[in-house]
Amino acid sequence: MQKGSMPEIVELERQSLEGLSPRERILKTASDLFYRLSVHSVGIDRIIAESDVAKMTFYKHFPSKASLIATYLRDKKTIGFEMFAAAAEKPGLSAIERVLTIFDAIDEPLRAPTFRGCSFSRGLAEFGPEANTPEVQATIADYYKELHELVTRLIEPLGLKNPERAVIQVLSLVQGSFVVAQSMPSEGIVEANRDAARLLLENEITVASTSERD
């Protein structure tokens, strides 16, 4: 997918199945079922039936269920990182505020009635080390690697004494927001974790400044 192009799933979510190509119907149907229910609980036969395609057509576009899952997750990753980028590119932000935009990006999705948790943390639970699905596992691993790299880039301008420690703390607050929002929905979850992230970053900046004076 070219940079700047709309993720395929986003485009498909706006359309009805009628008029879509067979591949698009499969992906739209699978995306909805995977997220509402779970990847393992939804079988290929149900996806084929609800997308109204032939079994041969399904396998023409997706050689396996794992291939479909990986495509679904790659689009989810693109959606997420486009939201992060859009939030961080707002003008006039301080270095700390730019880090905190990651919380701004997830706030609305986590408060949506349709929120069912993080697709990737759910994927970790469904596709552990013992699973024989290398393409799916690699897609999940890539998401967390790129998320770590994103937070690292955002934190770097702060000049902290131990930036990796701050990266882990911010990532923990971000992932914690997903878990708490899924288990006990509340309007203030993301805001509370955003405030916690601000406090810890301000503290780390103070420690770095004190260390330099000493």
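Residues numbered from 1 in each chain as written. Predicted model: local features only at pLDDT ≥ 70, side-chain atom pairs only at ≥ 80, totals over all residues. Heavy atoms only, no water.

## A closer look at the packing of helix 7 (residues 119-126) against helix 8 (residues 134-155)
When two helices pack together, you describe them by how their axes are tilted relative to each other and by the distance separating the axes. Rules: For helices, the fitted line uses only the C-alpha atoms of the stretch in contact; every axis is such a line through C-alpha atoms, and the angle between N-to-C directions lies from 0 to 180 degrees. Note on conventions: DSSP H or I runs of at least 4 residues are helices, E runs of at least 2 residues are strands, and numbering of each starts at the N terminus. Oblique is the label for any angle not under 35 degrees, not over 145, and not in the 65 to 115 range, which are roughly parallel, roughly antiparallel and roughly perpendicular in turn. Should the near helix be turned counterclockwise from the far one by less than a right angle, the crossing is left-handed, whereas a clockwise turn marks it as right-handed. Note on contacts: a residue pair qualifies if any of its non-hydrogen atoms lie within 4.5 Å across the two residues. Ten residues, namely Ala, Val, Leu, Ile, Met, Phe, Trp, Tyr, Cys and Pro, are considered nonpolar, four, namely Asp, Glu, Lys and Arg, are considered charged, and the remaining ones, Gly among them, are considered polar.
At a minimum axis separation of 10 Å, helix 7 and helix 8 run at an interaxial angle of 135°. Put simply, helix 7 runs oblique to helix 8. The element helix 7 and its partner helix 8 pack so that their crossing is left-handed. Side by side, helix 7 and helix 8 meet where F120, S121, G123 and L124 of the first sit next to T139, I140, Y143 and Y144 of the second. Here the residues of the contact of helix 7 with helix 8 sort into five nonpolar, three polar and no charged.

## Re the packing of helix 8 against helix 9 (residues 163-183)
Contact geometry of helix 8 with helix 9 gives a least axis separation of 9 Å together with a crossing angle of 120°. Accordingly, the angle class assigned to the pair helix 8 and helix 9 is oblique. Crossing geometry of helix 8 relative to helix 9 is assigned as right-handed. Contacts between helix 8 and helix 9 involve Y144, L147, H148, V151, T152 and I155 from the first element and P163, E164, A166, V167, I168, V170, L171 and Q175 from the second. Split by residue class, the contact of helix 8 with helix 9 holds ten nonpolar, three polar and one charged.

## Some points on the packing of aromatic side chains
For clarity, the cut-off: Here the aromatic set is Phe, Tyr and Trp, taking the six-membered ring for Trp, and pairing holds for ring centres within 6.5 Å; pairs whose planes are under 30 degrees apart are stacked, those over 60 apart are edge-to-face, and all others are tilted. Any Lys NZ or Arg CZ that is within 6 Å of a ring centre and within 35 degrees of that ring's normal is treated as a charge sitting over the ring.
Counted under the stated rule, the structure contains eight aromatic pairs. The rings of F81, F84, F120, Y143 and Y144 are connected pair by pair, giving a single aromatic cluster. Taking the ring centre of Y35 as reference, the NZ or CZ of K76 above it sits at 4.6 Å. The cationic tip of R122 hangs over the ring face of Y35; the distance from NZ or CZ to the ring centre is 5.4 Å.

## Examining the nonpolar core
Keep this limit in mind: Buried Ala, Val, Leu, Ile, Met, Phe, Trp, Tyr and Cys residues form a nonpolar core when they are joined through side-chain atoms within 4.5 Å. Whether a residue is buried, partly exposed or exposed follows from its accessible area with a 1.4 Å probe, protein chains only, as a fraction of its type maximum: under 20%, in between, or over 50%, in that order.
F34, I47, L68, F103, I155 and L201 are the most contacted members of the largest nonpolar core, which totals 59 residues. Not counting residues up to four positions away in its chain, the partners in contact with L68 are I26, L27, A30, F34, I47, F58 and F62.

## A word on the confidence of the model for the chain
Put simply, the test is: Every residue is assigned a pLDDT by the predictor, reflecting its confidence on a scale from 0 to 100.
Counting all residues, the mean pLDDT for the chain is 89, and 91% of those residues have values of 70 or more. In this model residues 1-7 is a low-confidence stretch, pLDDT under 50, and it forms 13 contacts with partners more than four residues away in sequence or in other chains.

## What about unusual backbone geometry?
The phi dihedral of D52 falls on the positive side, at around 60°, and the residue is not glycine. In this structure, D52 sits in the loop between helix 3 (44-51) and helix 4 (55-61).

## Quick word on empty space enclosed by the protein
Convention followed: The pocket and cavity definitions rest on a 1 Å grid over protein atoms only: a 1.4 Å probe that fits but cannot leave marks a cavity, an open set with protein on both sides within 12 Å along at least five of seven lines marks a pocket, and residues lining either have an atom within 4 Å of a point. Grid points are joined across faces, edges and corners, and a volume is the space filled by probe spheres set on the points.
Applying the stated criterion across every chain yields a total of one cavity of 30 Å³ or more. When its volume is computed, the largest cavity comes out at roughly 70 Å³. Lining the largest cavity we find F34, V39, I69, Y72, L73, S119, R122, G123, E126 and F127. Elements with a minimum of two residues in the lining of the largest cavity: helix 5 (65-88) and helix 7. In terms of residue count, the dominant contributor to the lining of the largest cavity is helix 7 (four residues). Residue composition of the lining of the largest cavity, grouped by class: six nonpolar, two polar and two charged.

## Regarding the environment of I102
On the secondary structure map, I102 appears in helix 6 (residues 95-111). Of the residues examined, I102 reaches a relative accessible area of 2% and is grouped as buried. Between the C-alpha atoms of I102 and V170, which are 68 residues apart in sequence, the distance is 9.4 Å. Excluding residues that lie within four positions of it along the chain, I102 makes contacts with F84, L147, L150, V151 and V174.

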